[in-house]
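Single-letter residue listing:
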Amino acid sequence: KDFKIMKERKEDRRSKYTRMIIKDTFLELLKEKNYEKINVSQICKNAEITRTTFYLHYSNLDEVFFETLDEALEISKNSVKLEENKQIDIFTDTSFIPLCQRTAVNPKYNVLFLDSILSDYIANKLFHCEKDFRIKQLQEKFELTEFEAEKIYRFVFFGSFAVNKSLGWKKNEEWDKIQNLIREFIKNGISKK
């Protein structure tokens with residue numbers, strides 16, 4: 001019985017390590033080429049594994065991407081805990097960095113956000129991550145219906161995502177200036193009913 005447990009642990013460690021190598025190789029390949037030009041053979045060659053090993057862990061390249069993105073989001077979510085009762089003003093609070101920015105500025109995962117094919121999927125996934133919390137916040141702050149709050153959140157999120165993407169997700173002086181300009185535009189463009 002003890003031998004079986006030890007064998008499972010060893011296989012589990014080996015499996016985690018192999019998955020990590022595959023994901024890291026995937027991210028390295030994304031630095032060189034678009035997602036649509038990457039294939040399983042390239043991952044296997046660069047990771048120095050067989051196709052059989054790859055398929056023991058993943059069914060296809062999409063699964064590698066989904067797991068890599070989930071890992072990136074989990075790391076970013078854990079970097080800042082949203083408190084349900086804490087009122088963060090998404091228009092003026094500069095201390096709060098949205099999930100998309102926290103994830104995209106992580107050097108390991110930044111490349112996911114730069115790929116034109118992947119970024120649309122990522123934007124939609126991120127939109128839904130904080131949607132309920134943000135809509136509730138907008139409803140309370142501006143006395144909006146759920147429908148109105150959802151549309152404003154959609155505007156703010158996808159607009160910000162597009163601007164950050166156009167800036168290459170680089171946080172620098174230009175990024176700060178643009179963020180402040182957008183924040184000021186949004187803040188002065190909405191008033192309580």
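On a predicted model such as this, the values are computed, not experimentally measured, just so you know.

Undergrad: Looking at this structure, I do not really get the overall build of the chain. What am I missing?
TA: The secondary structure content of the chain amounts to 10 helices and 0 strands. Going through the 193 residues of the chain one by one, you find that 37% of them count as buried.

Undergrad: Help me understand the nonpolar core in this model?
TA: Generally speaking, soluble globular proteins have nonpolar side chains that are buried together. In terms of nonpolar packing, the biggest core is built from 41 residues, with Phe26, Phe54, Leu112, Ile122, Leu126 and Phe161 touching the most fellow members. Listed by contribution, the elements that provide at least two residues to this core are α1 (2–32), α2 (40–47), α4 (61–79), α5 (99–104), α6 (110–114), α7 (116–129), α8 (131–142) and α9 (146–166). Element by element, the count of residues in this core is highest for α4, at 6 residues.

Undergrad: Explain the packing of aromatic side chains here, please?
TA: In this structure the tally under the stated criterion is 16 aromatic pairs. Aromatic side chains Phe65 and Tyr121 sit 5.5 Å apart centroid to centroid with 70° between the ring planes, which places their arrangement in the edge-to-face category. Here Tyr121 lies in helix α7 and Phe65 lies in helix α4, a separation of 56 residues in the sequence. A relative accessible area of 3% places Phe65 in the buried class. Residue classification places Tyr121 among the partly exposed residues on the basis of a relative accessible area of 36%. An aromatic cluster of at least three residues, connected via ring pairs, comprises Phe113, Phe127, Tyr153, Phe157, Phe158, Phe161 and Trp169. Seen from the ring of Tyr58, Arg19 lies directly overhead, with NZ or CZ sitting 4.3 Å from the centre.

Undergrad: When you look at α7 in this model, what are you seeing that I'm missing?
TA: With 14 residues, α7 ought to run about 20 Å at 1.5 Å a step, and its terminal C-alpha atoms sit 20 Å apart, in line with that. Along α7, the residues that are buried comprise Leu118, Ser119, Ile122, Ala123, Leu126 and Phe127. Seen end-on, α7 carries its buried residues on one side only, within an arc spanning 165°. N-cap assignment for α7: the residue whose side-chain oxygen lies 3.0 Å from the backbone N of Ile117 is Asp115.

Undergrad: Got a minute to help me understand the pattern of salt bridges in this structure?
TA: Any two side chains of opposite charge can pair, on the condition that their charged atoms come close. Across all of its chains, the model carries 11 salt bridges by this definition. A salt bridge links Lys31 to Glu28; the shortest N-O distance between them is 3.0 Å. Pair noted here: Lys31 and Glu28 are both in helix α1, with a separation of 3 residues, about one helical turn. Looking at Lys31, the relative accessible area reads 53%, which means it is exposed. What emerges from the salt-bridge pattern is a single network uniting Arg19, Lys23, Asp24, Glu67, Glu71 and Lys108.

Undergrad: Can you walk me through the confidence of the model for the chain in this structure?
TA: Residues with a pLDDT of 70 or more make up 82% of the chain, whose mean pLDDT is 84. Per-residue pLDDT, averaged within each element of the chain, yields its smallest value for α5 (78) and its largest for α2 (98).

Undergrad: Would you explain the packing of α7 against α9 in this entry?
TA: A pair of packed helices can be characterised by two numbers: the angle between their axes and the separation between those axes. Viewed as axis vectors pointing N to C, α7 and α9 meet at an angle of 150°, and their least axial separation amounts to 11 Å. Remark: the crossing between α7 and α9 carries right-handed chirality. Where α7 abuts α9, its residues Ser116, Ser119, Ile122, Ala123, Asn124, Leu126 and Phe127 lie against Glu150, Tyr153, Arg154, Phe157, Phe158, Phe161 and Lys165. Residue classes in the contact of α7 with α9 are distributed as 8 nonpolar, 3 polar and 3 charged.

Undergrad: Help me out: how do you make sense of the environment of Arg154 in this one?
TA: Positionally, Arg154 belongs in helix α9. The partly exposed category is assigned to Arg154, whose relative accessible area is 34%. On a C-alpha basis, the gap between Arg154 and Phe127 in space is 7.6 Å, while along the polypeptide they are 27 residues apart. Other than its neighbours up to four places away in sequence, Arg154 contacts Phe127 and Gly159.

Definitions and limits used
Residues numbered from 1 in each chain as written. Predicted model: local features only at pLDDT ≥ 70, side-chain atom pairs only at ≥ 80, totals over all residues. Heavy atoms only, no water. Helix = DSSP H or I, 4+ residues; strand = E, 2+ residues; numbered from the N terminus. Buried < 20%, exposed > 50% of the residue type's maximum accessible area, 1.4 Å probe, protein only. Core = buried A, V, L, I, M, F, W, Y, C linked by side-chain atoms within 4.5 Å. Phe/Tyr/Trp six-rings, centres within 6.5 Å; stacked < 30°, edge-to-face > 60°. Lys NZ or Arg CZ within 6 Å of the ring centre and 35° of its normal. Expected span 1.5 Å × (residues − 1). Arc of directions from axis to C-beta. Polar contact = N/O pair within 3.5 Å; in protein donor to acceptor, adjacent residues only side chain to side chain. Salt bridge = Lys/Arg side-chain N within 4 Å of Asp/Glu carboxyl O. pLDDT = per-residue confidence, 0-100. Axes fitted to C-alpha atoms, helices over the stretch in contact; angles between N-to-C directions. Left-handed = near helix turned anticlockwise from the far one by under 90°. Contact = heavy atoms within 4.5 Å. Nonpolar A, V, L, I, M, F, W, Y, C, P; charged D, E, K, R; others polar.

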